[in-house]
Amino acid sequence: MHTLFDLTGKVALVTGSGTGLGAGMARGLAAAGADVILVDRTDPDETAEAVRGLGRKALTLSADLSGLPAIRETVRKGIEAFGRIEILINNAGIIRRTPAVDFSESDWDDVMTINAKTVFFMSQEVGRDMMKRKSGKIINIASLLSFSGGINVPSYAASKGAVAQITKALANEWAQHGLNINAIAPGYMVTNNTANLRKDPERTRAISDRIPAGRWGMPEDLQGAAVYLASKASDYVNGHVLVVDGGWMAR
Ligand code: NAD
């Protein structure tokens, strides 16, 4: 069974891997054997140290992935260093909280760009390289707001709905080329993304009360799902959105 999940010799690229869920998943892939290209707006040095501590290679690339030139340059540098990218985790994302009635155009555009547009064009750029080998694993980070609308985060909900649909659209076109495109929808996780939400004691308690597992998730909680979707174990899984939420959606 072990070989089903073994990533030894594989090259992964994880966006937004300087902190939070991306850092956790990058460490998980490295623990399963992968070398990792770490991309973030600031240098993801701490994650690189952890990957190297697990005996794997790490390349750090500092880039703001909200534009096509930066996306292309990042993928080019990754392939130049490692020769290929076999696993892509589209994790980088942001959230803006304001009631819909006052929501600004920039809060709409900024979130839609990195959370949705970048997911598509990173996939396109890396997907072209994967198609040459007729294999590759793309994992998009969706959200519970891929399924429901949320409160005060309209562009985030729209962008994460788009992530689920991009996942299915690409799976429909690229499964025939040997690529697996799937998504992970994390529940409520302890990262910078939820720092402001966790400052509100009432919302925090209401959310905690609805989680059957009785706790918020930690970045480590996504490692199993990430390794599964990055490995041979998921070769016949296409266009799936895997919820990892301590049971929130079952409630
Ligand atoms: P985080 O803020 O801790 O990490 C996000 C990372 O993405 C940061 O390192 C940030 O620098 C990077 N990033 C943002 N914009 C970027 C850009 N333009 N270019 C390059 N890097 C950029 O948050 P997180 O919770 O770890 O979020 C990771 C992903 O998980 C996001 O897509 C988020 O929407 C999603 N998510 C989080 C939760 C949660 O509860 N924390 C739940 C569901 C989904």
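Cut-offs used in this document
Residues numbered from 1 in each chain as written. Predicted model: local features only at pLDDT ≥ 70, side-chain atom pairs only at ≥ 80, totals over all residues. Heavy atoms only, no water. Buried < 20%, exposed > 50% of the residue type's maximum accessible area, 1.4 Å probe, protein only. Helix = DSSP H or I, 4+ residues; strand = E, 2+ residues; numbered from the N terminus. Pairing = 2+ DSSP bridges. Near = heavy atom within 4 Å. Polar contact = N/O pair within 3.5 Å; in protein donor to acceptor, adjacent residues only side chain to side chain. Areas by Shrake-Rupley, 256 points an atom, 1.4 Å probe, with all protein chains shown as cover. Phe/Tyr/Trp six-rings, centres within 6.5 Å; stacked < 30°, edge-to-face > 60°. Axes fitted to C-alpha atoms, helices over the stretch in contact; angles between N-to-C directions. Contact = heavy atoms within 4.5 Å. Core = buried A, V, L, I, M, F, W, Y, C linked by side-chain atoms within 4.5 Å.

(A) Representation of the pairing of strand 6 (residues 179–186) within the structure. Most of strand 6 sits out of view: eight of its eight residues are buried. A two-sided burial pattern is seen for strand 6, the buried positions comprising L179, I181, A183 and A185 on one face and N180, N182, I184 and P186 on the other. Here strand 6 runs beside strand 7 (residues 241–244); their pairing, made up of four bridges, is parallel. Its bridge partner being in strand 7, A183 is matched across the sheet by V241.

(B) A look at the site of the ligand. In the vicinity of the ligand, 27 residues are found, and the nearest of them are L21, D40, N91, Y156 and T191. One of the side-chain N or O atoms of D64 is found 2.8 Å from a nitrogen atom in the ligand. In the environment of the ligand, an oxygen atom lies 2.8 Å from a nitrogen or oxygen atom belonging to the backbone of N91. Compared with its free state, where it exposes 830 Å², the ligand has 94% of that area covered by protein. Listed by contribution, the elements that provide at least two residues to the shell around the ligand are helix 1 (20–31) and helix 5 (154–174).

(C) View of the packing of aromatic side chains. This structure, assessed with the given rule, holds three aromatic pairs. Consider the rings of F120 and F121, whose centres lie 4.9 Å apart with planes at 90°: the pair is edge-to-face. We classify F120 as partly exposed; its relative accessible area is 30%. Take F121: its relative accessible area is 23%, and that puts it in the partly exposed class. With centroids separated by 4.9 Å and ring planes inclined at 55°, the aromatic side chains of Y188 and W248 adopt a geometry described as tilted. Of the two residues, Y188 is situated in the loop between strand 6 and helix 6 (195–198) and W248 in the segment after strand 7; the sequence distance between them amounts to 60 residues. Following the ring pairs from residue to residue traces out a cluster consisting of Y188, W216 and W248.

(D) Structural context of unusual backbone geometry. The backbone of K134 sits at a positive phi, close to 60°, despite the residue not being glycine. Residue position: K134 is located in the loop between helix 4 (105–133) and strand 5 (136–141). Of note, N152 is a non-glycine position whose phi angle comes to about 70°, a positive value. Here N152 lies in the loop between strand 5 and helix 5. The exposure class of N152 is partly exposed, given its relative accessible area of 36%.

(E) Layout of the sheet that holds strand 1 (residues 11–15). Read across the open sheet, the seven strands follow the order 3-2-1-4-5-6-7; overall the sheet is parallel. Only two strands of the sheet have a single neighbouring strand rather than two, namely strand 3 (58–62) and strand 7. Adjacent strand axes in the sheet meet at a mean angle of 20° when their direction is disregarded. Pairing geometry for strand 1 and strand 2 (residues 35–40), over five bridges, is parallel. Looking at strand 2, one finds that V11 is bridged to D35. Each of strand 1, strand 2 and strand 3 touches helix 3 (residues 68–82); the most contacted strand, strand 3, lies at about 160° to it.

(F) Up close: the side chain of T204. Relative to the assigned elements, T204 resides in helix 7 (residues 201–210). In this structure the side chain of T204 is engaged in a polar contact, spanning 2.8 Å, whose partner is the backbone oxygen of D200. Beyond its immediate sequence surroundings of up to four residues, T204 is in contact with L197, R198 and W216.

(G) Here's a closer look at the nonpolar core. Counting residues in each nonpolar core, the largest one holds 37 residues, and the members touching the most others are I37 and M122. Secondary-structure elements contributing two or more residues to this core are strand 1, strand 2, helix 3, helix 4, helix 5 and strand 6. In terms of residue count, the dominant contributor to this core is helix 5 (eight residues). If we skip the residues at most four places from it in the chain, I37 touches V11, A12, L13, V14, L59, L61, G78, F82 and I85. Grouped together as the second largest cluster of nonpolar side chains are 29 residues, V51, I89, L222 and V227 included.

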